[in-house]
Amino acid sequence: MKYLRVLILALSALSATGCIEIIDDLTLNMDGTGTFKYNINLSSSKVKINSILALDSLDGKRVPSIGEIKQKINRLNEQLKSESGISNVSLTADYTNYVFKFSCDFASLAELQSAIKTIALSENSGKAIPELDHKWLIFSGTQLNRSVPEITIKKSKEIKSADRLLLKEGSYTSITRFELEIVKFDNDQAKVSANKKAIMLRTDPYSLTQNPSQLDNTIYLKKSE
Amino acid sequence: MKIVLTIISLLAFIGVNAQQSEDLVPQEAASVFSINNINLLQKVSLDQLVQYEFMEEVQQELFDGSTSGKTIKDSGIDFDQKLNIFMGQADDYLVSGMTFGIVNKDQLFEVFDDFEPIESNYEGVEFYSSYFNRIAIKGNLGILYRVLPTGNRVDDLTDSIWYAQGNGYQWDDRYYEDEYYYDEEYEGWTREESLIEFTEEMETEENTTTPIDEEDNLPEAADDPTIKTYYELRDSVEMTLQNEFMNAFCENIFVKGNVLTKSSPEFKNQLNSQSEGTFFIDNSKNLKTNHDFAFMIRKYPSLYDRINELYTGNTMSGEIHINDNSIDMNLETKYSEKLGSVYKEMTNSKFDKSVLKYIPEDNQSFFTYNVDLRKAYQEAFNVILPIFTESESREFSTLGLTIELLDEFMNKDALFDSYKGSMFGSFNGIKKVQTTKIIWDYDDETFDYIEKEVGAEEDMPIFVFGFSTDRHDIPEKIMKHLCKHMNTFHNMGDYYMVDNAILNASPLYIINKNGLFIYTNDESLAKNNSDGYGKNAISKKQVKKGMKGGAVYLHADLSKAIAELPKEIFNGREKEMIDVFRGKSGSLELSSSKSTKSGTSFNLSYQFEGEYDNSGTYILDLINSMYVISK
């Protein structure tokens, strides 16, 4: 019976395609404060995730239990709450559909980037990560330069090529919202909302690993009166 | 004429008495894997060969570039002799290695270039030593071996000397409080991560001027160089014992002639096989050298003797035949008459034909397991229970009494009619099943988004698994109770349904009828075919061997089934087995004979289409699989 279970789990782990949906959603106020949201939706692959979670190990690495994942998420939550300039931290996880939603308010983009850097360093046992020095959000009042953090590019290159192909099934959506209307933007793949106060860029995670700069954008805002 | 007769007699004498490589296999060997036709291996590169686990003992010497670009043909090994890989254990030491014929000693030592000649105490035998292993050469035969004292023996002797010297308890309890002590549960870390971090931190300390804390928990050298610490003493004991056991090992082979061909008629008999490869595993030796029984041997010798008697003669021997379009492995298991009587009764059962209608014709693999647990229980009760009840041990005797009382009070008819022991299963491929998923629906005006649950499909392996029962009423009682008290269980009339039981995503269906209790995630079987697949079920002809044979029958279409198994989830040992068949289209069939009081035969047959490029790798794959299983 044990082997039958293993067989079913094994086949499930292989057969289901990897399908991940990510939204990063930045709301930027004129005074430099704002809200950052990061949502991950794995509900299309819940059979696969359940089968992986039921295994002891995958590809020679131990598979964490739901309890361990919860512990980790709670710890990240607590760490973020203690970061300077970061408030209203919320991290919710739906373990039935595997939808994870993170949200926080920030006092400035510099403090948001600094908090993320601190967390990343802490997860890397305090060892330096040069890619974290890269400023991926620069706001001048009427102009926002947005790019993908270099650490993301570095990490994506560590994904095995066979696994990277599975990311073609997913989607990555980047949304930036402002109080003022958008007058111009550099990335011609971007789409502006009807109210002209939000701009969206979409791709699939695979393309993003191949060409991380495809979500780079400089957005110009209408000057306030 | 006299001279001619003398020469013929002499040649015949030499022919009969000429030693073969198998004559150097030590009597301590519990497992021996012989490649009889090593001509098959001519195309195999040495680099490829040393990757196999059965070569692990010599990997340290061969992974140094000495095998680069060479095949076995270049190694000086005699292709007219067998290559025998062995491992085993005596009371106090472990042995492993291989024996082979030699045609060119110079070539041999080009491959084994780390070995240096050492002094020999045995006439006609040359010895060569490397850091890990030794090679002994007698005439044109070679044995590469490693002898290691068992950890228990080394510990016992070291402790005796240590305490006799007036020393105290040697283990420092602080070790277990060390922050780096491996704890699998600790924040989800793995042993590897912990070790890497530990090592890195050590390196950091070494590279700075920060002195290592004097109270750090590391073994310290004794102040007086003539006095050894516990660890130094243990190393010395280990080395002394190793030399002592190595001498005993060589004395056995080269002086006393105590080799396996003499001590085991079964092994000697198997050497006559004309197959490409053979294996021989003496399980009774493994029992004798198992240190878990050490306490029982000392405290309850007669109990141990009776258990030992039960396992005496417990061997497995097999042959591997490589044919044009098939590879066959025949396995014979032998056991004592007492144990055999239990197996014989267990497999003395009629094949349950009712399972056939629940195995679809287009399955990718299926198995049937046909036993009579009632008969097996009764025979085991008669054979094994007296070992406990007549034991001098109060604990085992009490256990025996408990079993006797349970036997008296238990309704065995109800138990063994509910679960007769026979079962079956089939894997019917991957099918789409209905699930749900979350999507984010965007508002074009603001790009705000809301969550929506929508229907989805995911791939799921479809299986059927069931066991034979004559008492439907008993599982029925359990199912009705579950349906009444658990809202995920539903009585659907012909079947039961359990919501999201499979990977929290799709239902499990339970069918309790026609002499079977069945679990499946095949919705159409439960809803439309709860009496079986009808004309789409497998035919009797396809299971002929299973119906006529013994307990086990398995059939797999490898091109469909094995190819879909994800390699990542298996550990090294399981991968070895699976990799034998991966990427090789064909079918696999495992069948067994009815058990007798002395043994059972198993046959594993792999039929494939087309030709193979290098049959040597097949035989190495199979030998390696048997090696890792027997370890």
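It should be noted that the structure appears before, not after, this text.
From a predicted model like this one, the values you see are computed outputs, not experimental measurements.

Procedures and definitions
Residues numbered from 1 in each chain as written. Chains lettered and ligands numbered in written order. Predicted model: local features only at pLDDT ≥ 70, side-chain atom pairs only at ≥ 80, totals over all residues. Heavy atoms only, no water. Helix = DSSP H or I, 4+ residues; strand = E, 2+ residues; numbered from the N terminus. Contact = heavy atoms within 4.5 Å. Axes fitted to C-alpha atoms, helices over the stretch in contact; angles between N-to-C directions. Parallel < 35°, antiparallel > 145°, perpendicular 65-115°, else oblique. Left-handed = near helix turned anticlockwise from the far one by under 90°. Nonpolar A, V, L, I, M, F, W, Y, C, P; charged D, E, K, R; others polar. Pairing = 2+ DSSP bridges. Phe/Tyr/Trp six-rings, centres within 6.5 Å; stacked < 30°, edge-to-face > 60°. Buried < 20%, exposed > 50% of the residue type's maximum accessible area, 1.4 Å probe, protein only. Polar contact = N/O pair within 3.5 Å; in protein donor to acceptor, adjacent residues only side chain to side chain. Salt bridge = Lys/Arg side-chain N within 4 Å of Asp/Glu carboxyl O. Expected span 1.5 Å × (residues − 1). Arc of directions from axis to C-beta.

K.L.:
In this structure, what is going on with the overall build of chain A? I would like to understand it.
P.N.:
From N to C terminus, chain A includes seven helices and 13 strands. The contacts in chain A between residues at least 6 apart in sequence include a share of 60% that link residues at least 24 apart.

K.L.:
Any chance you could explain the packing of helix H14 (residues 373-389) of chain B against helix H15 (residues 394-409) of chain B here in plain terms?
P.N.:
Residue and element names in this part refer to chain B. Packing of H14 against H15 leaves a shortest axis separation of 8 Å and a crossing angle of 150°. Relative to H15, the element H14 is oriented roughly antiparallel. Read as a crossing pair, H14 and H15 show a hand that is left-handed. On H15, the residues touching Tyr377, Phe381, Leu385, Phe388 and Thr389 of H14 are Phe396, Ser397, Leu399, Gly400, Leu401, Ile403, Glu404 and Asp407. Taken together, the residues of the contact of H14 with H15 break down into eight nonpolar, three polar and two charged.

K.L.:
Even after reading the chapter, I still don't get the pairing of strand E15 (residues 496-502) of chain B, so can you show me in this structure?
P.N.:
Note on strand geometry: in a regular strand, side chains alternate between the two faces of the sheet. Residues and elements named next belong to chain B. Bridge analysis of strand E14 (residues 489-491) against E15 gives three bridges, and the strand direction is antiparallel. Across the sheet, residue Phe489 finds its bridge partner in E15, namely Val498. Counting the residues in the hairpin turn of E14 and E15 gives four residues, including Gly493, whose phi is positive at 95°. Pairing between E15 and strand E16 (residues 506-513): four bridges, direction antiparallel. Residue pairing for E16: Ile502 is matched across the bridge by Ser506.

K.L.:
How do you make sense of the packing of aromatic side chains when you look at a structure like this?
P.N.:
Aromatic ring pairs are described here by two measures, namely the spacing of the ring centres and the angle between the planes. Residues and elements named next belong to chain B. Taken as a whole and judged by the stated rule, the model has 27 aromatic pairs over all chains. Between Phe465 and Tyr519, the ring centres sit 6.4 Å apart and the planes meet at 25°, which makes this aromatic pair stacked. With a gap of 54 residues between them, Phe465 in strand E13 (residues 449-468) and Tyr519 in strand E17 (residues 516-520) connect regions that are remote in the sequence. Take Phe465: its relative accessible area is 6%, and that puts it in the buried class.

K.L.:
Is there a simple way to explain the side chain of Ser422(B) in this structure?
P.N.:
Residue and element names in this part refer to chain B. Residue position: Ser422 is located in the loop between helix H16 (412-418) and strand E12 (423-442). Engagement of the side chain of Ser422 in a polar contact is seen with the backbone oxygen of Val371, the distance being 3.1 Å. What Ser422 contacts, discounting residues up to four positions off in sequence, is Tyr369, Asn370, Val371, Phe467 and Ser468.

K.L.:
Just checking my understanding: could you explain the pattern of salt bridges for this structure?
P.N.:
Between side chains of opposite charge, a pair can form as their charged atoms come close. All names here are of chain B. In the structure shown here, the tally under the stated rule is 20 salt bridges over all chains. A salt bridge links Arg153 to Asp92; its shortest N-O distance comes to 3.5 Å. Taken as a pair, Arg153 in helix H5 (residues 151-164) and Asp92 in the loop between strand E2 (83-89) and strand E3 (93-101) lie far apart in primary sequence, 61 residues in all. A salt bridge links Asp372 to Lys375; its shortest N-O distance comes to 3.9 Å. Under the relative-accessibility criterion, Lys375 is labelled partly exposed at 31%.

K.L.:
How should I be thinking about the environment of Pro360(B) in this particular structure?
P.N.:
Residue and element names in this part refer to chain B. Turning to its location among the elements, Pro360 is positioned in the loop between helix H13 (337-347) and strand E11 (365-369). Look at Pro360 and you get buried, because its relative accessible area is 5%. For the pair formed by Pro360 and Gly534, sequence separation is 174 residues and the distance between their alpha carbons is 8.7 Å.

K.L.:
Just checking my understanding: could you explain H5(B) for this structure?
P.N.:
Residues spaced three or four apart along an α-helix face the same direction, because each turn holds 3.6 residues. All names here are of chain B. With 14 residues, H5 extends 20 Å between its outermost C-alpha atoms, agreeing within 8% with the 20 Å of an ideal straight helix rising 1.5 Å per residue. Taken together, the buried positions of H5 are Val154, Thr158 and Trp162. One side of H5 carries all its buried residues, which in axial view fall inside an arc of 55°. Of the residues trailing H5, Gly166 is marked for its positive phi of about 90°.

K.L.:
Please explain the sheet that holds strand E5 (residues 86-94) of chain A as it appears in this structure.
P.N.:
Strand pairing in a sheet is mediated by backbone hydrogen bonds. Such pairs are either parallel or antiparallel. Residue and element names in this part refer to chain A. A sheet is described by the order of its strands in space; here seven strands give the open sequence E5-E6-E2-E1-E9-E12-E11, paired in mixed fashion. On the outer flanks of this sheet lie E5 and strand E11 (191-192), each paired with one strand and no other. Of the pairings in the sheet, the one linking strand E9 (residues 171-178) to strand E12 (residues 198-203) comprises six bridges and is antiparallel in character. By the bridge assignment, Arg177 is partnered in E12 with Ala198. The strands touched by helix H3 (residues 66-81) are E5 and strand E6 (99-106); relative to E5, the strand with the most contacts, the crossing angle is about 170°.

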